[in-house]
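# Coordinate inspection notes
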Amino acid sequence: MTVKELLSEVQKAAYHAKENGYRFIVFVCTSSLEPRTFKLTKKILKAYKEVVDERELLIVGRSKFIEMAKEYFSKKKNSVKAVKVIHYRDTPTLLGETHQSLLIDLTEGFHPNDLGIIIETIEKGGIIIAVSPKVDEWKNLIGRWHEELVSEPYTTDDVVPRFYRRFIKRTLEAEGIIIFNADKREIVKHYIVKNAEIDKEEITIPEKRKIKKKLYKLCATQDQVRVLQLFEQFFDREKERKAVVITADRGRGKTAVLGILTPYLISRMQRVLKRPVRVMVVAPTPQAIQTYFMFLKKAMVRQGMKDFRLKESGGVVTVLNSKYARVEYVVPRRAMIESEYADVVVVDEAAGIDVPVLWSIVKRTRYIIFSTTIHGYEGAGRGFSIRFLKKLERDEETEIDKIHLDEPVRYSRGDPVERWLYDVLLLDAQPAELEKEDVEAIKLGKFEFEMIDKDELVKDEKLLREFFGIYVLAHYRNRPSDVVILLDMPNHFAFRVKVNEKTVCSLHVAVEGGIDDSTVEQMADGYKPKGQIIPDLILKHHWDYRFPKLLGVRIVRIATHPDVMDMGIGSFALSRLIDWSCGNEFDWIGSGFGVSPELLRFWIKNKFLPVHITPQRNEVSGEHTVVVLRSLKMHIDEIVIMYNSNFVKRLLEWLGDELSDLDVETAIQLLHSLSKDFSYPEPEIDYTNRKRIKKYFHGISLYEYASDVLRPLVRYMYSKTDRAEMDTKEEKVLVVKALQLRDWKFAGECIEERGMRPYKTLLSALKKVWKWYESRSDIM
């Protein structure tokens with residue numbers, strides 16, 4: 001078979017893609033990267049151009065590939081309209097961009113997170129030329145990025161490329177793809193698309209409208225038009241605050257439509273407020289909202305607000321200033337503090353932000369817009385709907401409107417390349433559908449725990465999708481790379497709980513520790529070994545040189561099917577995993593997670609002890625990470641208990657500083673985790689200070705006049721496992737005021753009380769602390 005036949009096949013695919021608004025892929029498979037490879041790709045593009053209008057070319061690859069490609073696709077030599085060249089490391093900068101054709105380097109494999117971002121920039125009618133290893137070579141391909149992931153002391157020799165094996169298998173079965181063996185000059189796979197349909201809804205702008213027609217004309221789909229229609233009633237609220245929740249799959253134009261509608265919101269609010277409007281835009285990264293600012297600029301002009309200034313760094317816009325408004329990007333952590341000063345808050349990619357952070361923003365804002373991806377490759381999932389939206393819907397002070405965008409912006413619905421991408425990256429994985437008999441079996445405790453053979457997992461498509469489908473639903477950040485880490489890395493293992501052969505709980509664990517003396521010494525000097533998360537953390541925060549040498553199990557993820565949560569499945573899974581770990585002579589088991597009261601309660605209930613918290617919030621998600629441990633051997637018990645005591649001792653100091661904004665319920669649980677008293681200075685309360693305390697207790701003085709004595713007393717109490725008994729509200733106000741040093745307004749919000757209640761509640765709590773202290777003094 002000749003190249004001529006390949007070019008004919010390309011033109012056939014181009015005609016079909018152009019007619020249906022689809023995209024298609026040509027895999028050019030070769031055993032080595034040579035000039036003839038690029039000559040062939042140039043011929044493919046030339047054949048393609050004879051069918052489709054002149055096209056812009058995006059080139060993405062590693063250094064060697066880029067240098068060779070430039071020789072054949074420089075602007076001077078190439079008839080393609082324009083060439084943009086990006087190294088893989090700069091892939092995030094492509095978010096929100098649209099390109100017409102793509103030449104991508106797959107010769108050394110690919111990072112799955114990058115693949116999703118890159119492929120989705122290509123619009124309808126576009127061609128994707130992937131220079132690739134030969135089909136059989138994928139089955140044993142160890143990619144460059146495998147080296148970055150493999151945990152020490154393992155090497156790439158221990159890696160099994162199960163992900164790539166599945167990738168090429170699913171690619172061979174997919175529609176919309178041509179595979180050409182360039183070495184043998186033969187087509188391995190022909191272009192096929194079954195039942196192609198043009199399914200694009202015609203855009204209809206409403207006759208009666210409040211938003212300008214010029215803004216409606218910026219919409220690329222009828223779904224975006226519906227979003228604008230919804231916002232025409234945005235300010236007609238009946239409750240304390242108004243929230244709109246926009247959900248969409250990747251590439252549906254949700255970020256763009258936020259930029260389109262913002263000038264309308266500014267116009268309405270500016271007329272009422274008689275001052276510049278402050279719009280706060282929150283997202284995990286500034287790159288994620290560049291599309292927002294691009295459409296905001298266009299919409300501002302169409303709204304008649306042409307005079308504005310941009311603040312940008314390295315081409316990344318973060319602020320738009322005008323006499324009408326200040327639109328500013330802020331990181332989630334800052335949004336927690338400053339959202340109360342914003343007139344409207346826009347949260348994009350909300351599923352990538354910690355739920356307590358989202359909730360903190362809600363409580364401080366009157367008008368708020370949430371937008372999030374359902375199936376995403378930067379790290380998203382439907383956990384947003386399960387973990388946050390349900391709580392928001394129960395809030396009596398919040399009025400909610402919801403809308404979902406379904407129609408793609410860049411290509412037609414049913415695009416085979418999108419189907420292929422979602423399949424190979426498992427973006428559309430779904431958990432098992434549970435029947436009534438399954439739930440009944442769970443209630444009766446008829447479920448089983450088992451380890452999953454990873455070779456079997458990758459071969460069993462149903463099991464694979466059920467396993468990862470639970471993660472998509474249960475976690476707010478899921479990346480395709482998570483699949484690769486589990487499938488390919490030698491120290492990562494999969495377990496599940498099943499009922500009637502259906503997966504109801506998925507567990508991903510990693511073996512860590514067993515580090516030699518030499519490496520431990522290097523770690524103490526700052527070296528961070530790959531994949532040794534908990535041993536590295538314990539050494540550098542507890543300075544125990546013994547721990548990295550111990551062998552343990554880190555639970556990377558544990559998630560229960562959302563339809564059967566709170567039925568004891570997660571705890572059952574942990575207990576069986578502990579049995580397995582003990583049986584394999586491991587010393588410890590632990591986990592690290594973005595802390596929330598619910599998650600912390602689960603781990604503590606299962607006898608895991610907190611041993612560390614990151615004092616600073618993650619700049620992207622806004623969360624604090626907590627690490628928990630449980631000993632698996634008697635001689636390790638005292639070690640873990642010691643870490644826990646040291647941790648709580650530090651926590652008492654951090655709560656008045658870096659952790660002053662930590663969720664109070666989380667703070668209380670961490671304090672209550674203490675399993676052994678630790679040494680802490682007992683307050684010296686002399687005659688004068690006793691008088692000051694008594695005056696406060698009798699209502700003659702204020703808390704502020706005795707706080708310098710009472711705060712050390714509270715810290716002293718929390719250094720003991722035997723403490724004063726008080727109700728939930730009392731302890732919340734006690735921690736907020738005496739340990740976190742927050743104001744009275746915040747204390748009232750924590751217990752949902754106003755007026756004098758916080759003052760009286762704290763007084764009651766401190767009286768109980770004093771009684772506890774005096775009783776101890778009498779005993780001693």
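Up top is the structure.
Structural notes, computed from the coordinates. (Residues numbered from 1 in each chain as written. Predicted model: local features only at pLDDT ≥ 70, side-chain atom pairs only at ≥ 80, totals over all residues. Heavy atoms only, no water.)

### With respect to the overall build of the chain
We apply this condition: Helix and strand definitions follow DSSP, with helices as H or I runs of at least four residues and strands as E runs of at least two, each counted in order from the N terminus. Based on C-alpha atoms, the radius of gyration is set beside the globule rule, defined as 2.2 Å times the residue count to the power 0.38. The buried label goes to any residue with under 20% of its type's maximum accessible area, the exposed label to any with over 50%, and the partly exposed label to all in between, with areas taken from a 1.4 Å probe on protein chains only. Two residues qualify as a contact provided that any one of their heavy atoms is within 4.5 Å of a heavy atom in the partner residue.
Check the secondary structure of the chain and you find 29 helices and 22 strands. Taking 2.2 N^0.38 as the reference for a compact globule, 780 residues should give roughly 28 Å; the C-alpha atoms of the chain span a radius of gyration of 29 Å, in line with that estimate. Taken along the three principal axes of its C-alpha coordinates, the chain extends 100 × 70 × 55 Å. The proportion of buried residues among the 780 residues of the chain is 59%. When contacts within the chain are restricted to residue pairs at least 6 apart in sequence, those whose partners lie at least 24 apart make up 75%.

### Focus: the packing of helix H24 (residues 664-672) against helix H27 (residues 728-739)
Each pair of packed helices can be described by the angle between their axes along with the distance between the axes. The line we're drawing: Note on geometry: axes are C-alpha line fits, over the in-contact stretch for helices, and angles between N-to-C directions span 0 to 180 degrees. Any angle that falls under 35 degrees is termed roughly parallel, while one over 145 is termed roughly antiparallel, one within 65 to 115 roughly perpendicular, and all others oblique. The residue classification treats Ala, Val, Leu, Ile, Met, Phe, Trp, Tyr, Cys and Pro as nonpolar and Asp, Glu, Lys and Arg as charged. All others, Gly included, are polar.
Where H24 meets H27, the axes come as close as 10 Å, and the angle between the chain directions of the two elements is 90 degrees. In this view, H24 runs roughly perpendicular relative to H27, as classed from their interaxial angle. Across the interface between the two elements, Val 664, Ala 667, Ile 668, Leu 671 and His 672 from H24 touch Glu 731, Lys 732, Val 735, Val 736 and Leu 739 from H27. Grouping the amino acids of the contact of H24 with H27 by side-chain chemistry returns seven nonpolar, one polar and two charged.

### Examining the side chain of Arg 465
Just so we agree on the cut-off: Pairs of N or O atoms within 3.5 Å make up the polar contacts considered here, provided that, within protein, one atom can donate a hydrogen while the other can accept it, and that residues adjacent in sequence are counted only when both atoms are side-chain atoms.
Along the chain, Arg 465 falls in helix H17 (residues 461-474). A polar contact of 3.0 Å, which involves the side chain of Arg 465, links it to the side chain of Asp 428. With near-sequence residues (within four places) excluded, Arg 465 lies in contact with Arg 166, Asp 423, Leu 426, Asp 428, Ala 429, Gln 430 and Pro 431.

### Looking at the side chain of Glu 56
Spelled out, the test is: As used throughout, the charge tally considers Lys and Arg to be positive and Asp and Glu to be negative, leaving His and the chain termini uncounted. What counts as a salt bridge is simple: a side-chain nitrogen of Lys or Arg found within 4 Å of a carboxyl oxygen of Asp or Glu.
Its place among the elements puts Glu 56 in the loop between helix H2 (35-49) and strand E2 (57-61). One buried charged residue, Glu 56, remains without a salt bridge, the closest side chain of opposite sign being Lys 84 at 7.0 Å. Within the local environment of Glu 56, its side chain forms a polar contact with the side chain of His 99, the two groups lying 3.1 Å apart.

### A few points about the pattern of salt bridges
Across all of its chains, the model carries 60 salt bridges by this definition. A salt bridge links Lys 242 to Asp 401; the nearest nitrogen and oxygen atoms lie 3.5 Å apart. Note that Lys 242 is positioned in strand E8 (residues 241-248) and Asp 401 in strand E15 (residues 398-405), a separation of 159 residues in sequence. Residue Asp 401 is classed as partly exposed on the basis of its relative accessible area of 21%. Residue Glu 349 pairs with Lys 254 through a salt bridge whose shortest N-O separation is 3.1 Å. Separated by 95 residues along the polypeptide, Glu 349 in the loop between strand E13 (344-348) and helix H12 (355-363) and Lys 254 in helix H9 (residues 254-273) bring together distant segments of the chain. Grouping residues by exposure puts Glu 349 and Lys 254 together as buried. Because the salt bridges share partners, they merge into one network encompassing Arg 166, Lys 169, Arg 170, Glu 173, Asp 423, Asp 428, Glu 461 and Arg 465.

### Remarks on the sheet that holds strand E22 (residues 625-631)
Which entries qualify depends on this criterion: One requirement defines pairing of two strands: DSSP has to find at least two bridges between them.
Strand order in the open sheet formed by seven strands is E16-E17-E18-E19-E20-E22-E21, with mixed pairing between adjacent strands. The strands lining the two open edges of the sheet, one partner per strand, are strand E16 (448-452) and strand E21 (609-613). Neighbour-to-neighbour, the strand axes of the sheet open up by a mean angle of 30 degrees, direction not taken into account. Pairing geometry for strand E20 (residues 588-594) and E22, over seven bridges, is antiparallel. When the sheet's bridge partners are listed, Ile 589 is paired in E22 with Arg 630. Its contacts with the sheet put helix H21 (residues 569-583) on E16, strand E17 (492-499), strand E18 (502-513), strand E19 (551-560), E20 and E22, and the angle it makes with E19 is roughly 160 degrees. Taken strand by strand, helix H22 (residues 597-605) contacts E19, E20, E21 and E22, and its axis lies near 170 degrees from that of E20.

### Things to note about helix H4 (residues 112-119)
The element H4 is extensively covered by neighbouring structure, given that eight of its eight residues are classed as buried. Those residues of H4 lying buried are Pro 112, Asn 113, Asp 114, Leu 115, Gly 116, Ile 117, Ile 118 and Ile 119. Tucked into the core, H4 has its buried residues touching E2, strand E4 (99-105), strand E5 (122-132), helix H6 (162-173), helix H14 (416-424) and helix H18 (480-488).

### Things to note about the packing of aromatic side chains
This is how it is decided: Two rings from Phe, Tyr or Trp (for Trp, the six-membered ring) form a pair when their centres sit within 6.5 Å of each other. Planes less than 30 degrees apart are called stacked, planes more than 60 degrees apart edge-to-face, and all others tilted.
Counting across every chain of the model gives 42 aromatic pairs. When the ring of Phe 27 is compared with that of Phe 167, the centres are 6.4 Å apart and the planes differ by 55 degrees; the resulting orientation is tilted. Residue Phe 27 is found in strand E1 (residues 24-29), and its partner Phe 167 is found in helix H6; the two are separated by 140 residues along the sequence. For Phe 27, a relative accessible area of 1% corresponds to the buried category. Taking 6.5 Å as the distance between ring centres and 40 degrees as the angle between the ring planes, the aromatic pair formed by Trp 543 and Tyr 545 counts as tilted. Three or more aromatic residues joined by ring pairs form one cluster here, namely Tyr 696, Phe 697, Tyr 703, Tyr 716, Trp 744, Tyr 759, Trp 770, Trp 772 and Tyr 773.

### Remarks on the environment of Phe 746
Within the element layout of this structure, Phe 746 appears in helix H28 (residues 744-750). With 13 residues separating them along the chain, Phe 746 and Val 733 place their C-alpha atoms 9.2 Å apart. The contact partners of Phe 746, leaving out residues within four places of it in the chain, are Arg 364 and Val 736.

### Details of the environment of Val 736
Residue position: Val 736 is located in helix H27. Of the residues examined, Val 736 reaches a relative accessible area of 0% and is grouped as buried. For the pair Val 736 and Gln 532, spaced 204 residues apart in sequence, the C-alpha separation works out to 35 Å. When residues no more than four places from it in sequence are discounted, the contact partners of Val 736 are Val 664, Leu 741, Arg 742, Phe 746, Ala 747 and Cys 750.

### Overview of the pairing of E1
By the criterion of burial, E1 is predominantly enclosed, with six of the six residues buried. Here E1 shows no split at all, with Phe 24, Val 26 and Val 28 on one side and Ile 25, Phe 27 and Cys 29 on the other all buried. Sheet analysis places E1 next to E5, joined by six bridges and oriented parallel. By the bridge assignment for E5, Phe 27 is matched with Ala 130.

### Digging into unusual backbone geometry
That bond from Glu 152 to Pro 153 is cis: its omega, 10 degrees, falls within 30 degrees of zero. Even without glycine at this site, Leu 426 takes up a positive phi of about 60 degrees. For Leu 426, the position within the fold is in the loop between H14 and helix H15 (436-443). Phi at Asn 500 takes a positive value of approximately 50 degrees, unusual for a residue other than glycine.

### A short note on the pairing of E21
By the criterion of burial, E21 is predominantly enclosed, with five of the five residues buried. The pairing of E21 with E22 spans four bridges and is antiparallel. When the bridges of E22 are listed, Leu 609 appears paired with Leu 629.

### As for a negative patch on the surface
Basically, it comes down to this: To count toward a patch, a residue needs a relative accessible area over 30% and no salt bridge; like charges are then connected within 9 Å, while nonpolar side chains (Val, Leu, Ile, Met, Phe, Trp, Tyr) are connected within 5 Å. Here the accessible surface of atoms and residues is derived via Shrake-Rupley with a 1.4 Å probe, and residues count as covered only by protein chains that are part of the display. Charge coordinates come from a single atom per side chain, which is NZ of Lys, CZ of Arg, CG of Asp or CD of Glu.
Taken together, the side chains of Glu 433, Glu 435, Glu 437 and Asp 563 present a region of like negative charge at the surface. With respect to the helices, strands and loops of the structure, Glu 437 is situated in helix H15.

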